[in-house]
Amino acid sequence: MSRNTDSTPPHRRASAGSILVKRLVLGAMLAALSVVIGMLCKNFLNFAGGLLRVTFENLPIILAGIFLGPLSGGMVGIISDLTSYMLSGQIYPPNLIVTLGACAVGVVSGLMAKLVVRDRGLKQIILSAGAAHLIGSMIIKPIGLFQFYQWAVLIRIPLYLVIAPLEIFLLCVLWKQKSFRRLFEKL
């Protein structure tokens, strides 16, 4: 008969079910945060008819990928992009290639964190977020936006060369806060 050597009181131990609920709630909060950040940026940092849009909506998607895994990161990307679309009042159908780009941001950041840089910390955040922006924001999303802006969409690539380091900087600042790190412990 095995003996439980865990010194944590039984009422303080997290069950598998409670961890799953915590991950689900955190993913939903990150998706909602991405929608809110996106809407604020679209209203206040939108130039040239949407071609030049400074936005930090990928920040929560990257967080979901790194700390909740690639599947959760991808789901947060899809949910936040489609929710943003539904709230925007656009009359044309959603651009699923752009949605795929948002999904890729979460999946790539999660895969990098899980398979390439496993040690939690600044290196993991920098490499995961950088790869996610490269693939999702600089390759896939411009392909989806090409139908609206033609070759002018290429101006978004240098724009993300500015946005990506800003988001990575914000993620690193957040990571240095103990209260922030505690959110993602035991997930």
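Before any of the text, the structure's been laid out above.
Residues numbered from 1 in each chain as written. Predicted model: local features only at pLDDT ≥ 70, side-chain atom pairs only at ≥ 80, totals over all residues. Heavy atoms only, no water.

**Digging into the nonpolar core**
Within soluble globular proteins, side chains that are nonpolar generally end up buried alongside one another.
Next, step 1: One finds L30, I62, L63, F67 and L171 to be the most contacted residues of the largest nonpolar core, which totals 26 residues.
Next, step 2: When residues of this core are traced back to their parent elements, those giving at least two are helix 1 (16-44), helix 2 (58-68), helix 4 (96-116), helix 5 (122-149) and helix 6 (156-175).
Next, step 3: Ranked by the residues each element gives to this core, the list is headed by helix 2, at 8 residues.
Next, step 4: In this view, L30 contacts P60, L63, A64, L68 and V76; residues no more than four positions away in its chain are not counted. (Core = buried A, V, L, I, M, F, W, Y, C linked by side-chain atoms within 4.5 Å. Buried < 20%, exposed > 50% of the residue type's maximum accessible area, 1.4 Å probe, protein only. Helix = DSSP H or I, 4+ residues; strand = E, 2+ residues; numbered from the N terminus. Contact = heavy atoms within 4.5 Å.)

**Overview of the packing of helix 2 against helix 3 (residues 70-88)**
Next, step 1: Between helix 2 and helix 3, whose axes approach to 6 Å, the crossing angle comes to 160°. When the axes of helix 2 and helix 3 are compared, the pair comes out roughly antiparallel. When you trace helix 2 past helix 3, the crossing you get is right-handed. The residues of helix 3 that touch helix 2, namely those facing P60, I61, A64, G65 and L68, are P70, S72, G73, V76, G77 and S80.
Next, step 2: Taken together, the residues that form the contact of helix 2 with helix 3 break down as 6 nonpolar, 5 polar and no charged. (Axes fitted to C-alpha atoms, helices over the stretch in contact; angles between N-to-C directions. Parallel < 35°, antiparallel > 145°, perpendicular 65-115°, else oblique. Left-handed = near helix turned anticlockwise from the far one by under 90°. Nonpolar A, V, L, I, M, F, W, Y, C, P; charged D, E, K, R; others polar.)

**Observations regarding helix 3**
Next, step 1: Spanning 19 residues, helix 3 covers 27 Å between terminal C-alpha atoms, matching the ideal 27 Å at 1.5 Å per step.
Next, step 2: For helix 3, the set of buried residues is P70, G73, G74, V76, G77, S80, S84 and Y85. One side of helix 3 holds all its buried residues, which, seen down the axis, span an arc of 160°. Every exposed residue of helix 3 that faces more than 90 degrees away from the buried side is listed here: L71, M86 and L87.
Next, step 3: On its buried face, helix 3 is in contact with helix 1, helix 2 and helix 4.
Next, step 4: Looking one or two residues beyond helix 3, the residue adopting positive phi is G89, at roughly 75°. (Expected span 1.5 Å × (residues − 1). Arc of directions from axis to C-beta.)

**Some thoughts on a nonpolar patch on the surface**
Next, step 1: A surface patch of nonpolar side chains, amounting to about 430 Å² of accessible area, comprises I97, L134, I135, I139 and I143.
Next, step 2: Sort the elements by how many residues they give to the nonpolar patch and helix 5 lands first, with 4 residues.
Next, step 3: Structurally, L134 can be placed in helix 5. (Patch = residues over 30% accessible without salt bridge, like charges linked within 9 Å, V, L, I, M, F, W, Y side chains within 5 Å. Areas by Shrake-Rupley, 256 points an atom, 1.4 Å probe, with all protein chains shown as cover. Salt bridge = Lys/Arg side-chain N within 4 Å of Asp/Glu carboxyl O.)

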